[in-house]
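Chain by chain, the residues:
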Amino acid sequence: EMTFAVNDSPFAGKEGKFVTSRQIRDRLHKELLKDVALQVEDSPTSESFRVMGRGEMHLSILIETMRREGYELQVSPPKVLLHEVDGKTMEPMEHVVIDVPTEYQGSVMQKLGSRKGELVQMAPLGSTRMRVEFRIPSRGLFGYRSEFLTDTHGEGILNTIFDGYDEWRGDLPARSTGSLISYETGVAVAYGLFNAQQRGTLIVDPGDKVYEGMVVGYSPAGEDITVNVCKTKHLSNTRSDDALRLVPVSKFSLEESLEFLKPDELLEVTPSSIRIRKRILNHDLRMKATKGGKNIG
């Protein structure tokens, strides 16, 4: 399930044609007429809706279709649907079948093991590949597909199928990277980005519009870091922006953005943009809520 809500970012209403809660609600209920696997419920507030489907891909296709039609909205990170049986919390499970070159087998098994996956079967495929099968909580696959492609250098094949419910397996490790968060609203400039890229990997280019609380990159350190990508150099500094060497950014796709989201983040989706943001945009309010964080100015 995910929460679909009216976009309330500082850029709300600037890029979409359909932006109100009534328009979003009508579109979701229209989708119910042709998609029997989709469920939509009104939330306690009139500005958001609970949308349930058959997985990340099912819901991401709906989001992509809506943005192409001119809708603007924000969505929450995906969560699995749980239910109680005899007082026990039950969660959905997946049967995962992976074909992978033998040299990448260890990394795949280590990653799935850390995500509460249980090895079911393993068999060689010829002399250079291995087939491994796991049973894993559905939530254990959130954010893994992009890691899988990286770990297997694009040579791995991963297939999954729903495999019933099982007792809750406990907490999973959180995303290992922290977020680089914009400190102010404005336009990203080369000088500010050059300083910020020393703290992590950027996902915005010079000239991109950003706002306070928007995620502009990620850091190998687990903590969130606030950066000022709109910061310009002092007039006394003669170094030209043209001389600053910026690492090429890697823009996230919609699916990659959904996988990237932390629980305290949202995804802003418009016909022309996909932006990751914090739920609490204001820096001071966010610091009070989290009682931590790091600001590099």
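Residues numbered from 1 in each chain as written. Predicted model: local features only at pLDDT ≥ 70, side-chain atom pairs only at ≥ 80, totals over all residues. Heavy atoms only, no water.

Engineer: When you look at the side chain of Lys-278 in this model, what are you seeing that I'm missing?
Structural biologist: As for its position among the elements, Lys-278 is in strand β17 (residues 274-278). Once residues within four sequence positions are removed from consideration, Lys-278 is found in contact with Ser-179, Ile-181, Gly-213, Asp-224, Lys-262, Asp-264, Glu-265 and Arg-286. (Helix = DSSP H or I, 4+ residues; strand = E, 2+ residues; numbered from the N terminus. Contact = heavy atoms within 4.5 Å.)

Engineer: Explanation requested: the pattern of salt bridges in the structure shown.
Structural biologist: When charged atoms on two side chains of opposite charge get close, those side chains can pair. One pass over the structure, following the stated rule, counts 27 salt bridges. A salt bridge links Arg-275 to Glu-15; the nearest nitrogen and oxygen atoms lie 2.6 Å apart. Of this pair, Arg-275 sits in strand β17 while Glu-15 sits in the loop between β1 (2-5) and α1 (21-32), placing them 260 residues apart in sequence. (Salt bridge = Lys/Arg side-chain N within 4 Å of Asp/Glu carboxyl O.)

Engineer: Any chance you could explain the nonpolar core here in plain terms?
Structural biologist: The tendency in soluble globular proteins is for nonpolar side chains to be buried side by side. If you look at the biggest cluster of nonpolar residues, it comprises 41 residues, and the most contacted ones within it are Phe-4, Leu-28 and Val-229. Here this core takes four residues from helix α2 (residues 56-68), the largest share from any one element. With residues near it in sequence (within four places) discarded, Val-229 still touches Ser-182, Val-187, Ala-188, Val-189, Gly-192, Leu-193, Ala-196, Val-210 and Val-216. (Core = buried A, V, L, I, M, F, W, Y, C linked by side-chain atoms within 4.5 Å. Buried < 20%, exposed > 50% of the residue type's maximum accessible area, 1.4 Å probe, protein only.)

Engineer: Looking at this model, I keep getting lost on the sheet that holds strand β3 (residues 48-52). Mind explaining?
Structural biologist: Note: strands within a sheet are paired through backbone hydrogen bonds, in either parallel or antiparallel orientation. What the six strands build is an open sheet, ordered β2-β3-β1-β4-β16-β17; its pairing is antiparallel. Every other strand in the sheet has two partners, leaving β2 (39-42) and β17 as the edge strands with one partner each. Averaged over all neighbouring strand pairs, the angle between strand axes comes to 30°, with direction disregarded. Across four bridges, the pairing between β1 and β3 is antiparallel. (Pairing = 2+ DSSP bridges. Axes fitted to C-alpha atoms, helices over the stretch in contact; angles between N-to-C directions.)

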